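Descriptive analysis of the structure
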Amino acid sequence: MKIIIYGAGGKMGKTLIKNAEKNNIEIVAGIDKFADNFTMPFPLFKSGRECNLNADVIIDFSRPDSLDDLLSLSDRINAATVIATTGYSNEQEQKITEFSKNHRVFKASNFSLGINLMVYLCKFCSKILSNSDIEIIEKHHREKVDAPSGTALTIAKSINSVFNNEKELLIGRNSSSGKRKNEIGISAVRGGTISGEHEVLFINDDEILTITHSAQNKDLFACGALKAAEFLINQNNGLYSMEDLIKLSV
């Protein structure tokens, strides 16, 4: 498997490089708009438009504003695309969905197997503890731009699907929020070098059930993205998720 890393100079890009090399996966090229600031053992381009090399898969850990360039490169070289970037607008999400009708795309807000099992458990608990007040708290490093995290939103939307999407997703609380209504509360914390922590509370009058996941380092996300890439190159056109990958392990 030959890969191109989009966002090669970022924290996750560098982590992906380390794990790809450890697993003898060939990195054909990297894309990073600050390419001049880095020296890497493979060609580095400022944009996909400049890249003149082919690969089996593009793995993207970049920013939402790079989406058009990413999809253009994927289409031009006919590569499968693993999208790990979060913070997309609704319009961008629709663009990815449309693109996947004629291309192989794997998209996830979090590439941790543990997090995706957490999503499954939260949906199960929502069915049993349906009268609970539900709160989600996520914590990430000080450099993370989007808030709340894409993972927190994925958890909230998965829980809300159990309730036919009737609950409001309340992001942050202030004096105008008023007393609790039919909602799922989401709070974000930013600081230090936290790799990622997510906590879901099912709160009742007499008890509280808490489900927590803590990422100890970024390697697990890189390994998950590489597994997704290996999975994707053998698939037909379509939009795939961690749920599809997990099914192979069940």
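Residues numbered from 1 in each chain as written. Predicted model: local features only at pLDDT ≥ 70, side-chain atom pairs only at ≥ 80, totals over all residues. Heavy atoms only, no water.

Let us look at the overall build of the protein. Counting secondary structure elements, the protein contains 7 helices and 12 strands. By principal-axis analysis of the C-alpha atoms, the protein measures approximately 60 × 40 × 35 Å. When contacts within the protein are restricted to residue pairs at least 6 apart in sequence, long-range pairs at least 24 apart make up 66% of them. Element-wise, carbon and sulfur atoms account for 47% of the exposed surface of the protein, whose accessible area totals about 12900 Å². A gap of 1 Å separates the mean positions of the 29 positive and 31 negative side-chain charges of the protein. (Helix = DSSP H or I, 4+ residues; strand = E, 2+ residues; numbered from the N terminus. Contact = heavy atoms within 4.5 Å. Areas by Shrake-Rupley, 256 points an atom, 1.4 Å probe, with all protein chains shown as cover. Lys, Arg positive; Asp, Glu negative; His and termini not counted. Charge placed at Lys NZ, Arg CZ, Asp CG, Glu CD.)

Here we take up the environment of Val200. For Val200, the position within the fold is in strand S10 (residues 197-203). Between the alpha carbons of Val200 and Ile128 there is a distance of 15 Å; along the sequence they are 72 residues apart.

In terms of strand pairing, strand S7 (residues 133-140) meets S10 through 7 bridges, oriented antiparallel. Bridge pairing in S10 places Glu138 opposite His198. Pairing of S10 with strand S11 (residues 208-214), which is carried by 7 bridges, proceeds in the antiparallel orientation. The partner of Ile203 across the bridge, within S11, is Ile208. Linkage of S10 to S11, two consecutive antiparallel strands, is achieved through a turn of 4 residues. (Pairing = 2+ DSSP bridges.)

Let us now look at the side chain of Ser100. With respect to the secondary-structure elements, Ser100 resides in the loop between helix H3 (90-99) and strand S6 (104-107). On the accessibility criterion, Ser100 (4% relative accessible area) is buried. For Ser100, the contacting residues outside a window of four places in its chain are Val105, Asn237, Gly238 and Leu239. (Buried < 20%, exposed > 50% of the residue type's maximum accessible area, 1.4 Å probe, protein only.)

A separate point is the packing of helix H2 (residues 67-77) against H3. Two elements in contact, H2 and H3, have axes separated by 11 Å at closest approach and are oriented at 5°. Here H2 lies roughly parallel to H3, going by the angle between them. Taking contact as the criterion, the partners of Leu67, Asp68, Leu71, Ser74 and Asp75 in H2 are, on H3, Gln92, Lys95, Ile96 and Phe99. (Axes fitted to C-alpha atoms, helices over the stretch in contact; angles between N-to-C directions. Parallel < 35°, antiparallel > 145°, perpendicular 65-115°, else oblique.)

This part covers the packing of aromatic side chains. Any two aromatic rings considered together are summarised by their centre-to-centre distance and by the angle between their planes. The full count for this structure, using the stated rule, is 4 aromatic pairs. Ring geometry for Phe106 against Phe231: centres 5.9 Å apart, planes inclined by 85°, an arrangement best described as edge-to-face. Taken together, the residues span a long stretch of sequence, with Phe106 in strand S6 and Phe231 in helix H6 (residues 219-232) at a distance of 125 residues. There is no split in this pair, since Phe106 and Phe231 are both buried. By the ring-pair criterion, three or more aromatic residues cluster together here, those being Phe61, Phe106, Phe111, Phe231 and Tyr240. (Phe/Tyr/Trp six-rings, centres within 6.5 Å; stacked < 30°, edge-to-face > 60°.)

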